Amino acid sequence: MPDSASITSINPTSRSVFPQGPSFTLEDFSSRDFIVKEFIEALSDSAISNRRSTLGPTTGNQLFDPKPLIRTLEHAQRRLAELSGDLEIKENELSAAVRRAEAQHSQNINTLGRKLKQTIESFQQLDTSLNGTGAGPGPTGSELSGSTGNMAVETGRKLEELDRQRRRALDAHFLLECWDSVSNRGELTLLENLRRSGTGEAKVRSAQIARQLLRISQRLDQKSWNNSGGKNNGASGHGAAEEGTVEETGLTRLNTREIIEKFSETLEKDLLKQFDDFYRKANFEGMKDCATVLQDFNGGSSVIALFVNQHQFFIDRSQLVTEEVGGDLEAWEQLADPDSEPLKVEPSLQSLIDEVKVVVQEESAIIKRAFPYYEQVLGKFLQRVFQQSIQQRLEMVLEKANSISSLAFLRSLQSSRSYIGALVEDLKAHGLTEHPDTISAQTALILDQQLEDLFVPYFVGSSYIEREKKTLEELYTSLLFKFTTFHARRKKAATTFMASLSKSGTELLSSARDAYINRLESSDFSPTQRRMLLQVAGLRDANDLLRRTEIKLTEEDGLPSISHAKRMLKWLAEGVSRGLELSVSSETPKDMLALLTLLLSIMGEGYIEVCLDAALETATSQELGKTEPDFAYLPAVRSAIGIANLMVMCINTLLIPLATGSITVRREMEKKTNLTTMRIEEKVNTIEQKIIDASLVWINKLLSGQRKNDFRPKEGDNAAWLEKLQTPTCSSICTFLSRVHNMTATSLPPGGSNLRQLLTEIAMGTRSLLLEHFKRFAVNGPGGLMVTKDMTQYTDLLKSWDIDEQVKGPGGALDVLLEVGSLFVVGSEALRERVWSGAASSSSRPGNNTGTSSGRGAGGGQVEAGLSVQEVRAYVSRREDSNTAAMQNVLSVL
């Protein structure tokens, strides 16, 4: 942007009637920092400053005078027009200069083009003279030298062509001699001599001529090819021709095909021997020549088989691959232990794979140097390595693992697949024959196919996931054996005394124990697996099952265990991880559905719901109120709820997300999970309702034990009654309610609203029972004080619970108890005021079916009582002084 000094205004020392406008030139606009907005602002600032200087300071607001700005902008516009004219003149001058420069440039180009053309013509003349085609008189020495050199080159080229023709003629002559020899005399002496010369080039040339002879025989001796199975029936005095002749119209005709093919077989054997000698001497060029010739015989299969079969790796490993799988017995048992961490791949298989990695990398370099078709040879070598060495050892390792346990088999399968997969990736990263470049697509495809073929037998159909399910089912069944047995005895227990005499507890255990024994004793389980399952079940050995007296079930065996649930989910997570690594991705949703069904069946139905059913059965039996309810089953309910939360969390975070590939399967999994969750929630809700019902039944029973004289003390006992804080019935109920609160608060999950709702329901039920209870007792003056004390005890206890604020808060439902207590102690006048204020309050509220009144509670605070007129009459009528005139007057108002 031009400096503000460049836009000059009038000199403040000079005076003029009209202020001078700004001045600027083309250089002001040629700067890269020029900005139009700032230029206009500079013009405006100049005009404003001039205006201020002429007008001087003012004290008030002045009207805006646009004339200075207009004059400034008009002057700037005129100046810009002048500069525009100057700029146009300069532009025209520059355009004319450009046209002149373009014309000059075009003239220079034409001149240079003519010179280049002359130069090319001169070069062509020089080239012609060098080639000796020019006939110009008087050649110089350099021209003669160039012509002579070119003639020498042409002569050499012609000599090379003549030499090639000569060699082709000699080869054709030699080929015709060989054909004449084999067709007329039945011998290949010339080729035999060439083959026996001992050089590699001679054998390669013999092979080439033998192939040409076969083609000639196929065209000229078609009868030999048509009667390829014919045998020699001629005379026996033809020497070398005896084995290759056929008889036709009394003449002996030689079978050229058989003669040439026999020679080719002999030659092939020599080439294979020569290839083997070259291989032992590390002569890769000789190996490559032999392989090139042998490729024409049978596609190179013989030389490839020779290279692969006689490889030192297969010779050294032939005995090691077939030896038995040993290893530490403790390591195998650890592999079968579901609670131990899976071990690495089996040592002998690991050693083999490590050696394969080194051998393949080393041999790939040799194969590339020794074979022209090295990718084909490398493919055969890899197939032999995988299909013979690795596959045999893998089968033996997995067979050994299967003899240990099904879990050991699955873990060995996973570790083996992982280690062999790592081998394939390492070979791809190395590049093999393309090292250090990227491996070829053909070799990479062969490696992937070999890896897949190794494990195809173990993933046919649904065999893998069925094995996973069976393994998990065996572990789950063993872990829950005591739990299942305990609850089976509970369900089948006799309900009458006579039945209990005929059926003892040991007989009830026999069915479950016998079923488990029969399953363990089957041939499906190995001794190690049987011992491991007994350990999971908490039994020392199989004899514990046979000795009835040794199986002692305690109450803890019938309770759900969070640790058991965590172990089950850990085993499931291991199976899922193994399945993701081993199985095909397209089958993952179906596998997750199968595992979900197993989990919901065993953990959901067989563990959580069985525990809740037992708790519900106990809670139902306590509803009758014959004895004080024992909520000892609540910790089991809390554990069951915790296990259910763990199960649902595992399903939602592990199983269902893995089924996103199939919307149908995912929906089915969500449906099954929701159904199981709904059943569990319904049973928990039913148990909580049973707790409420049993508590209220027992409270009602305690209230029924209230003595009639508790609220009608005799005159002589006033002092003793006043010293009491509560009646015995109130003390029993408060003790029971405190026990219920402590048990539920410590046994049920604190999170959520279930606990609060349960305590609220008990509090409201107790309130209703108390309101009905005090309608049945006559109360005298001292007894009214005792009613107030009891009501205060009840209210304080219930308000100390974590229940809804609208129940325990000011003006809540529990404050009615305090109001009822006060109805038995206030005088007639105070009662009259309360009744009148309550009636007025009722009449002012629409729809008052259970009119509310206001009164002072035990603390003297104004509270909403929530009592209807009929209820107030019922309580007031139970006072001993209700027959007095004052009280009758109050009752008449009600």
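Going by the annotation in an unreviewed UniProt entry, the name recorded for the protein is dna, SC010, with Aspergillus oryzae given as the source organism. Note on the protein: under the UniProt heading Sequence similarities (unreviewed entry), the record states "Belongs to the SEC10 family."

Things to note about the overall build of the protein
Secondary structure summary: the protein contains 35 helices and 4 strands in total. Put simply, the protein shows about 48,900 Å² of open surface, and 53% of that area lies on carbon and sulfur atoms.

Quick notes on the side chain of Arg578
Position of Arg578 relative to the elements: it lies in helix 23 (residues 562-582). Here Arg578 is in contact with Leu407, Leu410, Arg411, Gln414, Tyr464 and Glu468, once residues within four sequence places are set aside.

Some words on the pattern of salt bridges
As enumerated under the stated definition, the model contains 24 salt bridges in all. Here Arg280 ties to Asp276 by a salt bridge, and the two come within 2.9 Å at their closest N and O atoms. With Arg280 and Asp276 both in helix 8 (residues 256-280), this residue pair falls 4 residues apart, about one helical turn. Judged by relative accessible area, Arg280 falls into the exposed class, the value being 63%. A salt bridge links Glu468 to Arg578; its shortest N-O distance comes to 2.6 Å. Highlighted residues: Glu468 in helix 17 (residues 463-479) and Arg578 in helix 23, separated in sequence by 110 residues. For the residue pair Glu468 and Arg578, the accessibility class agrees, reading buried in each case. Connected via shared salt-bridge partners are Glu605, Glu609, Asp613, Arg679 and Lys683.

Description of the packing of helix 17 against helix 21 (residues 527-537)
Orientation of helix 17 relative to helix 21, taken along the N-to-C sense of each, is 45 degrees, at an axis distance of 7 Å. Put simply, helix 17 runs oblique to helix 21. Crossing angle aside, the handedness with which helix 17 passes helix 21 is right-handed. Contacts from Glu474, Leu475, Ser478 and Leu479 in helix 17 reach Gln529, Leu533, Val536 and Ala537 in helix 21.

Quick word on unusual backbone geometry
The peptide bond linking His435 to Pro436 adopts the cis configuration, its omega dihedral lying at 5 degrees. On the secondary structure map, Pro436 appears in the loop between helix 15 (406-430) and helix 16 (441-455). Its identity is not glycine, yet Leu432 carries a phi of approximately 55 degrees, on the positive side. Relative to the helices and strands, Leu432 resides in the loop between helix 15 and helix 16.

Considering the environment of Asp613
One can find Asp613 in helix 24 (residues 588-621). Owing to a relative accessible area of 28%, Asp613 belongs among the partly exposed residues under this scheme. Taking C-alpha positions, Asp613 is 9.8 Å from His487, a pair spaced 126 residues apart along the chain. Reaching out from Asp613, the side chain makes a polar contact with the side chain of Lys683 at a distance of 3.0 Å.

A closer look at the packing of helix 26 (residues 663-704) against helix 29 (residues 754-773)
Taken N-terminus to C-terminus, the directions of helix 26 and helix 29 make an angle of 25 degrees; their axes are 10 Å apart at the nearest point. By the angle between their axes, helix 26 is roughly parallel relative to helix 29. With respect to the hand of their crossing, helix 26 and helix 29 are arranged in right-handed fashion. Between helix 26 and helix 29, the residues in contact are Glu688, Ile691, Ile692, Ser695, Leu696, Ile699, Asn700 and Leu703 and Asn754, Leu758, Glu761, Ile762, Gly765, Thr766, Leu769, Leu770 and His773, respectively. Of the residues in the contact of helix 26 with helix 29, the class split is 9 nonpolar, 6 polar and 2 charged.

With respect to the UniProt feature "coiled-coil region" (unreviewed entry) in the protein
Taken from the UniProt record, the annotation "coiled-coil region" (unreviewed entry) applies to residues 73-100. Across residues 73-100, the secondary structure splits into 100% helix and 0% strand, with the terminal C-alpha atoms separated by 40 Å.

Focus on helix 30 (residues 781-799)
For the α-helix, the turn length of 3.6 residues means that residues three or four positions removed from each other point alike. With 19 residues, helix 30 ought to run about 27 Å at 1.5 Å a step, and its terminal C-alpha atoms sit 27 Å apart, in line with that. Buried within helix 30 we find Gly783, Gly784, Met786, Val787, Thr788, Asp790, Met791, Tyr794, Thr795, Leu797 and Leu798. For helix 30, the capping residue at the N-terminal end is Asn780, with a side-chain oxygen 2.7 Å from the backbone nitrogen of Gly783.

Focus on the confidence of the model for the protein
Here the protein averages 78 in pLDDT, and 78% of its residues register 70 or above. Taken together, the stretch residues 1-18 has pLDDT below 50 and engages in 23 contacts with residues farther than four places along the chain or on a different chain. Residue range residues 229-251 is modelled with pLDDT below 50. Its contacts to residues more than four positions away, or to other chains, number 33 contacts.

Quick look at the packing of aromatic side chains
The tally for this structure, following the rule as stated, stands at 13 aromatic pairs. For the ring pair Tyr279 and Phe307, a centre distance of 5.4 Å and an interplane angle of 65 degrees mean the geometry is edge-to-face. Of the two residues, Tyr279 is situated in helix 8 and Phe307 in helix 10 (residues 301-309); the sequence distance between them amounts to 28 residues. When its relative accessible area of 24% is taken as the criterion, Tyr279 is described as partly exposed. Arranged with centres 5.4 Å apart and planes meeting at 55 degrees, the rings of Phe711 and Phe774 form a pair that is tilted. Here Phe774 lies in the loop between helix 29 and helix 30 and Phe711 lies in the loop between helix 26 and helix 27 (718-723), a separation of 63 residues in the sequence. Comparing Phe711 with Phe774, the two get one shared label, buried. Members of the aromatic cluster, connected to one another through ring pairs, are Phe275, Tyr279, Phe307, Phe371, Tyr373 and Phe381. The ring of Tyr374 has Lys368 lying over it, and the distance from NZ or CZ to the ring centre is 5.8 Å. In this structure, Arg467 packs its charged tip against the face of Phe409, placed 4.1 Å from the ring centre.

Remarks on the environment of Thr25
Topologically, Thr25 is positioned in the segment before helix 1 (27-30). Between the C-alpha atoms of Thr25 and Leu80, which are 55 residues apart in sequence, the distance is 8.8 Å.

How each quantity is defined
- Residues numbered from 1 in each chain as written.
- Predicted model: local features only at pLDDT ≥ 70, side-chain atom pairs only at ≥ 80, totals over all residues.
- Heavy atoms only, no water.
- UniProt positions renumbered as here; feature names shortened; annotations may be inferred.
- Helix = DSSP H or I, 4+ residues; strand = E, 2+ residues; numbered from the N terminus.
- Areas by Shrake-Rupley, 256 points an atom, 1.4 Å probe, with all protein chains shown as cover.
- Contact = heavy atoms within 4.5 Å.
- Salt bridge = Lys/Arg side-chain N within 4 Å of Asp/Glu carboxyl O.
- Buried < 20%, exposed > 50% of the residue type's maximum accessible area, 1.4 Å probe, protein only.
- Axes fitted to C-alpha atoms, helices over the stretch in contact; angles between N-to-C directions.
- Parallel < 35°, antiparallel > 145°, perpendicular 65-115°, else oblique.
- Left-handed = near helix turned anticlockwise from the far one by under 90°.
- Polar contact = N/O pair within 3.5 Å; in protein donor to acceptor, adjacent residues only side chain to side chain.
- Nonpolar A, V, L, I, M, F, W, Y, C, P; charged D, E, K, R; others polar.
- Expected span 1.5 Å × (residues − 1).
- pLDDT = per-residue confidence, 0-100.
- Phe/Tyr/Trp six-rings, centres within 6.5 Å; stacked < 30°, edge-to-face > 60°.
- Lys NZ or Arg CZ within 6 Å of the ring centre and 35° of its normal.

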